[in-house]
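# Chain and residue survey
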4 protein chains.
Amino acid sequence: MVAQHVKTVFQEKYRGVGRMLIACPDRPGIVAAISRFLYENGANILQSDQYTQDPEGGMFFMRIEFFKEGLEDKIDDLCQAFIPIANEFGIDWKITRASQPKKMVIFVSKEDHCLQELLWNWRAGDLNAEITMVISNHEDSRELVESLGIPFHYLPVTPETKLEVEKRQRELMEGNVDFIVLARYMQILSPYLVEHYRNRVINIHHSFLPAFIGGKPYDQAHKRGVKIIGATAHYVTEELDAGPIIEQDVSRVSHRDDVSDLKKEGRHIERIVLARAVKWHIEDRILVDKNKTVVFT
Amino acid sequence: MVAQHVKTVFQEKYRGVGRMLIACPDRPGIVAAISRFLYENGANILQSDQYTQDPEGGMFFMRIEFFKEGLEDKIDDLCQAFIPIANEFGIDWKITRASQPKKMVIFVSKEDHCLQELLWNWRAGDLNAEITMVISNHEDSRELVESLGIPFHYLPVTPETKLEVEKRQRELMEGNVDFIVLARYMQILSPYLVEHYRNRVINIHHSFLPAFIGGKPYDQAHKRGVKIIGATAHYVTEELDAGPIIEQDVSRVSHRDDVSDLKKEGRHIERIVLARAVKWHIEDRILVDKNKTVVFT
Amino acid sequence: MVAQHVKTVFQEKYRGVGRMLIACPDRPGIVAAISRFLYENGANILQSDQYTQDPEGGMFFMRIEFFKEGLEDKIDDLCQAFIPIANEFGIDWKITRASQPKKMVIFVSKEDHCLQELLWNWRAGDLNAEITMVISNHEDSRELVESLGIPFHYLPVTPETKLEVEKRQRELMEGNVDFIVLARYMQILSPYLVEHYRNRVINIHHSFLPAFIGGKPYDQAHKRGVKIIGATAHYVTEELDAGPIIEQDVSRVSHRDDVSDLKKEGRHIERIVLARAVKWHIEDRILVDKNKTVVFT
Amino acid sequence: MVAQHVKTVFQEKYRGVGRMLIACPDRPGIVAAISRFLYENGANILQSDQYTQDPEGGMFFMRIEFFKEGLEDKIDDLCQAFIPIANEFGIDWKITRASQPKKMVIFVSKEDHCLQELLWNWRAGDLNAEITMVISNHEDSRELVESLGIPFHYLPVTPETKLEVEKRQRELMEGNVDFIVLARYMQILSPYLVEHYRNRVINIHHSFLPAFIGGKPYDQAHKRGVKIIGATAHYVTEELDAGPIIEQDVSRVSHRDDVSDLKKEGRHIERIVLARAVKWHIEDRILVDKNKTVVFT
């Protein structure tokens with residue numbers, strides 16, 4: 001019921017709204033060609049952001065939000081019509097319908113503050129997503145999740161069963177996932193999953209990366225005596241905590257704060273940073289450029 | 001010598017770089033027309049920002065940074081060529097050369113932290129400006145200003161002489177000013193100056209507007225017991241402290257801070273906020289929309 | 001069940017811990033007298049904060065956290081023993097047991113983000129409170145509240161029934177309340193309630209006070225074109241939005257944000273600011289000094 | 001002349017004001033003993049901060065600001081009188097006169113923004129210091145420094161002359177230094193200096209430590225694609241960038257910022273963080289606890 005309500009809100013809000021994402025080597029005439037294409041195809045530009053890495057030989061990134069009457073039925077034609085321009089400029093692109101909810105799978109372990117935050121944002125109508133399932137290696141969140149009509153899968157993990165469990169996870173998600181959120185999921189995904197969902201798995205790391213990579217970052221932060229702690233949302237890659245950073249934020253601490261205080265304060269940052277990253281991903285605001293992100297906020 | 005050095009830096013950095021500012025009623029085809037115009041006139045878009053207030057009947061704002069070989073000699077032709085498009089869409093526009101320093105006049109009273117900050121930023125090569133003069137109703141800053149080769153005019157003000165002094169100020173600035181910065185100038189400009197330099201006088205108000213309008217904002221803040229203080233840079237209008245806000249920032253305070261502590265902490269915010277506003281003005285990043293600003297950072 | 005768990009956590013954590021709050025005219029020897037008193041009564045100081053307004057004729061504020069074996073049974077004796085010192089220095093004081101949960105009543109209307117935040121913090125073991133009831137003029141939050149075993153009272157308010165409803169509210173709370181949190185309760189309390197619970201009603205105002213007092217602050221903020229929005233937690237007094245400020249925080253916005261964006265962003269600040277204020281109130285960290293607060297964080 | 005003015009301001013402001021710093025194993029009765037001592041010696045406590053690491057076997061830290069008529073002449077007697085208490089509790093302690101300026105030596109290389117900030121704060125009467133000299137391996141800042149009547153020593157460094165130069169530096173400072181500020185001094189001090197001035201050399205590192213230790217932190221930050229950059233003030237120890245952190249702060253950046261933008265933005269954070277750390281050091285607000293700091297702000 002919540003799901004249906006959220007869906008209806010966004011279908012109304014984003015009727016006719018499309019998004020075009022562009023990445024290509026920079027060269028004169030790109031913007032002119034694209035804006036002309038949109039104009040001639042009856043699409044009115046609502047918002048446009050671009051980033052030129054380096055006019056001489058760098059990459060060009062662009063995100064356009066446009067309105068086109070009846071886009072819902074005509075998006076295939078629009079994509080078809082864009083192919084010649086894409087080929088001419090060597091563009092890596094996609095055009096999406098803003099009203100189309102993205103299928104989101106949330107992984108969580110015991111700590112549920114990030115999960116709660118995502119659910120709260122979703123219920124409040126901030127995330128145009130269909131939460132197709134929550135997967136956890138603990139039972140703790142079942143009640144909360146199921147009370148919202150969302151399927152909950154309990155899949156405990158041991159070193160021995162890890163790969164088997166990941167196969168099961170992938171089966172469950174098959175056809176039911178656009179992107180995955182690791183909302184404080186305390187397991188490291190193996191390359192089997194990471195490769196398959198490249199740039200589609202968002203993790204929240206509980207430190208200000210690249211400081212305190214790996215386990216127990218708040219213990220590390222306390223030991224080092226930092227005066228500010230942080231959290232980092234990033235796409236997951238094979239290398240631990242080294243994927244493209246989407247968003248970071250921080251909070252001030254002092255000598256009075258012990259490790260448990262840092263954890264408590266950190267939870268506030270983690271959930272906010274993760275929620276922002278998820279929202280931006282859903283709204284097609286993030287382009288990955290090698291090991292970095294271009295975020296059009 | 002500083003002045004010459006700054007000028008040379010920016011002439012090199014911004015060779016061939018132009019900026020186009022656009023404001024007009026929104027309507028389909030604007031972006032296409034403008035980007036086509038630039039492309040056909042050999043201008044490559046480096047950066048583009050736009051803001052659509054409301055696709056139905058709202059205003060459309062745009063800032064484009066472009067590169068055109070030899071722009072320095074061809075800007076008049078470019079402007080001429082743009083007139084038909086401007087007329088077609090009813091555009092309020094300007095095209096500037098980024099390498100051209102803006103003539104900046106700084107007004108200051110006794111407190112010199114904002115003046116110092118601007119001078120420091122200028123010397124560090126952050127502000128593409130020619131500081132044509134500093135005008136003050138006190139002698140305090142003369143040595144500092146003149147040591148940098150900048151003319152300093154001491155013009156004391158009394159209620160009786162105010163209008164006469166403003167006439168003298170305007171004479172001094174005639175032909176020597178693109179915009180004015182009130183860097184903690186503790187006099188209220190009369191409409192005589194305000195009207196003449198509309199949207200070209202930047203003031204720093206030492207509070208988080210619209211809280212604590214008028215005099216002694218830190219005393220007011222202390223009395224009210226706020227936990228955060230702020231500063232606001234805005235364009236000056238006839239109504240005191242009510243002009244379009246360009247930038248604001250804040251800092252945390254506590255019950256321990258007395259009025260003089262607030263003032264000290266406030267100085268840090270004031271100078272940073274003012275320096276940002278001045279930089280954005282110089283870089284043509286601010287468009288005024290009635291009593292608000294659109295700032296493309 | 002949640003309630004019982006929270007209670008147990010704090011009874012363990014704060015066994016033997018007491019808090020002493022002091023306010024009196026400043027004068028030499030106060031700290032010596034108090035610390036000697038505690039020492040001689042077997043209380044070891046864990047944390048001490050003080051604030052001297054002005055050594056010449058100002059007020060002196062102090063908060064001490066101490067450990068005394070078996071405090072739970074001996075607090076009355078301790079208070080009794082302190083009376084002579086209190087009289088000597090003219091001290092306004094209280095001694096509390098940190099393990100004793102405060103009885104909290106939450107008022108809420110339709111928007112539930114602040115209520116959710118408080119409940120989340122409470123469940124996470126951050127708030128040593130017993131939530132004795134939630135009172136609302138809407139039915140929306142009933143399910144959430146009752147699912148946690150907390151009584152929910154639906155008391156709709158009209159201008160005609162207001163006073164009658166407040167009487168009913170007071171009856172319900174009689175003996176069941178230490179302090180009240182207005183977690184986005186969109187009714188103005190009448191002096192009947194405000195006087196009775198002086199310095200015990202915490203409100204969250206959705207602006208950076210004293211800017212945008214009164215209704216629709218986000219609309220006001222949008223109209224003024226501010227670049228930063230805020231929220232303010234304060235004790236409620238007879239004068240609207242003018243009570244002692246406990247905590248404030250802010251968030252950056254831009255010309256792109258319309259009123260509904262400000263509201264969304266504002267919700268994040270509101271809930272965090274309110275949660276901090278409630279936590280500090282529960283932990284006896286706030287002393288009210290006329291129309292201001294001294295907050296020992 | 002500036003120096004004399006600053007000195008006079010603080011002599012007046014802090015007449016009779018003393019500071020007592022305490023570090024010892026925690027144990028009941030410390031506060032009582034100390035506050036009784038102060039009371040019986042005619043010292044009125046103005047401000048007191050304390051931190052108990054762990055009541056069971058941890059360390060206890062305290063900073064007291066007090067007023068004692070005629071302290072200037074009686075500080076030796078006061079210290080003498082305190083020795084028995086210090087011995088009883090095993091206290092590591094000092095008592096200072098707040099009116100006594102600390103002798104500060106500033107080291108700087110080419111970039112002068114941190115130097116300028118310190119000089120500006122000093123002239124504004126925020127730092128009760130006597131700047132006895134500025135030492136630089138470049139000539140760039142000579143004019144600025146000497147214009148304020150401060151001795152400037154140009155001591156270029158090569159790998160071959162490093163130790164010899166450090167000997168020279170130490171000779172120059174002999175009897176003329178209480179603490180040293182490395183205001184963007186791009187040379188690593190050898191243990192010869194570090195050991196001699198333990199916990200008395202403050203460095204500003206241009207990253208959010210422990211991220212980006214070592215050289216070119218902004219290049220590292222850009223390469224990693226962080227969304228926030230920072231700066232860290234710390235005491236210098238033998239291990240590079242690993243000394244006790246005094247203060248940190250951060251600033252938001254985006255994909256648009258290249259390395260030179262990060263450097264520019266970073267300069268703002270560096271100077272503010274360093275200025276805070278220096279001020280706290282001067283005001284005896286920092287206690288070093290192994291590899292961490294306790295900062296009583």
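Worth saying up front: this structure is predicted, and the values here are computed from it rather than measured.

## Topic: the sheet that holds strand β8 (residues 179-182) of chain B
Residue and element names in this part refer to chain B. Strand order in the open sheet formed by 7 strands is β7-β6-β5-β8-β9-β10-β11, and the pairing between neighbours is mixed. Among the strands making up the open sheet, the edge pair consists of β7 (152-154) and β11 (245-252). Across the sheet, the axes of successive neighbouring strands diverge by a mean angle of 20°, strand direction being ignored. The pairing of strand β5 (residues 102-108) with strand β6 (residues 129-136) spans 7 bridges and is classified as parallel. Pairing of V105 across the sheet is with M133, part of β6. Helix-sheet contacts for helix α4 (residues 113-123) involve β5, β6, β8 and β9 (201-205), and the interaxial angle to β6 is about 160°. Across the face of the sheet, helix α6 (residues 162-173) comes into contact with β5, β6, β7 and β8 while running at roughly 160° to β6.

## Focus: the pattern of salt bridges
In this structure the tally under the stated criterion is 104 salt bridges over all chains. A salt bridge links R271(A) to E117(A), with the nearest nitrogen and oxygen atoms 3.6 Å apart. Of this pair, R271(A) sits in helix α9 (residues 259-282) while E117(A) sits in helix α4 (residues 113-123), and the two are 154 residues apart along the sequence. Pair check on accessibility: R271(A) and E117(A) agree, each one buried. Taking the shortest distance from any N to any O, the salt bridge between R168(C) and E171(C) comes out at 3.6 Å. Of the two residues, R168(C) and E171(C) both sit in helix α6 (residues 162-173), 3 residues apart, roughly one turn of that helix. For R168(C), a relative accessible area of 38% translates into the label partly exposed. One continuous salt-bridge network, built from bridges that share partners, spans R19(A), R63(A), E65(A), K94(A), K102(A) and D284(A).

## Structural notes on the relation of the copies chain A and chain C
Superposition record for chain A on chain C: RMSD 0.0 Å, screw rotation 180°, translation along axis 0.0 Å. In the structure described here, the two chain copies are related by an operation that fits a two-fold rotation axis. When the interface residues of chain A are mapped onto chain C, 100% of them are again interface residues, pointing to one common binding face.

## Examining the packing of helix α2 (residues 30-40) of chain A against helix α3 (residues 71-89) of chain A
Residue and element names in this part refer to chain A. At a closest axis distance of 11 Å, the pairing of α2 and α3 adopts a crossing angle of 170°. Between α2 and α3, the angle falls in the class roughly antiparallel. With respect to the hand of their crossing, α2 and α3 are arranged in right-handed fashion. Contact residues: α2 offers I30, A33, I34 and F37, while α3 offers L78, A81, F82, I85 and F89.

## Examining the UniProt feature "active site" (unreviewed entry) in chain A
UniProt's entry tags D241(A) with the feature "active site" (unreviewed entry), counted in the numbering of this structure. Residue position: D241(A) is located in the loop between β10 (228-235) and β11 (245-252). Excluding its chain neighbours within four sequence positions, the residues that come into contact with D241(A) are N203(A), H205(A), L209(A), I213(A), G214(A), H234(A) and R224(D). At a separation of 3.3 Å, a polar atom in the side chain of D241(A) contacts the side chain of H205(A).

## Let's talk about the relation of the copies chain D and chain A
Rotating chain D by 180° and moving it 0.0 Å along the rotation axis overlays it on chain A with an RMSD of 0.0 Å. When the interface residues of chain D are mapped onto chain A, 100% of them are again interface residues, pointing to one common binding face.

## Describing unusual backbone geometry
Look at the link from L209(A) to P210(A): it is a cis peptide, with omega at 5°. With respect to the element layout, P210(A) can be found in the loop between β9 (201-205) and α8 (217-224). If you check the backbone angles, D241(B) has positive phi at about 60° while not being a glycine. Look at D241(B) and you get buried, because its relative accessible area is 7%. Phi at D284(B) is positive, roughly 55°, even though this residue is not glycine.

## Brief notes about the domain arrangement of chain A
All names here are of chain A. For chain A, the domain assignment lists domain 1 (17-97) and domain 2 (102-295). Computed from C-alpha atoms alone, the centre-to-centre distance between domain 1 and domain 2 is 31 Å. Taken together, the 11 residues of domain 1 in the interface contact 7 residues of domain 2. Summing both partners gives a buried area of about 780 Å² for domain 1 against domain 2, and 54% of it is carried by carbon and sulfur. Between the two partners, domain 1 and domain 2, sit 2 salt bridges. Inspection of the domain 1/domain 2 interface yields 4 residue pairs in polar contact (both at pLDDT 80 or more).

Conventions and cut-offs
- Residues numbered from 1 in each chain as written.
- Chains lettered and ligands numbered in written order.
- Predicted model: local features only at pLDDT ≥ 70, side-chain atom pairs only at ≥ 80, totals over all residues.
- Heavy atoms only, no water.
- Pairing = 2+ DSSP bridges.
- Helix = DSSP H or I, 4+ residues; strand = E, 2+ residues; numbered from the N terminus.
- Axes fitted to C-alpha atoms, helices over the stretch in contact; angles between N-to-C directions.
- Contact = heavy atoms within 4.5 Å.
- Salt bridge = Lys/Arg side-chain N within 4 Å of Asp/Glu carboxyl O.
- Buried < 20%, exposed > 50% of the residue type's maximum accessible area, 1.4 Å probe, protein only.
- Least-squares fit on C-alpha atoms with pLDDT ≥ 70 in both.
- Parallel < 35°, antiparallel > 145°, perpendicular 65-115°, else oblique.
- Left-handed = near helix turned anticlockwise from the far one by under 90°.
- UniProt positions renumbered as here; feature names shortened; annotations may be inferred.
- Polar contact = N/O pair within 3.5 Å; in protein donor to acceptor, adjacent residues only side chain to side chain.
- Domains from an automatic or database assignment.
- Buried area = accessible area lost by both parts, 1.4 Å probe.

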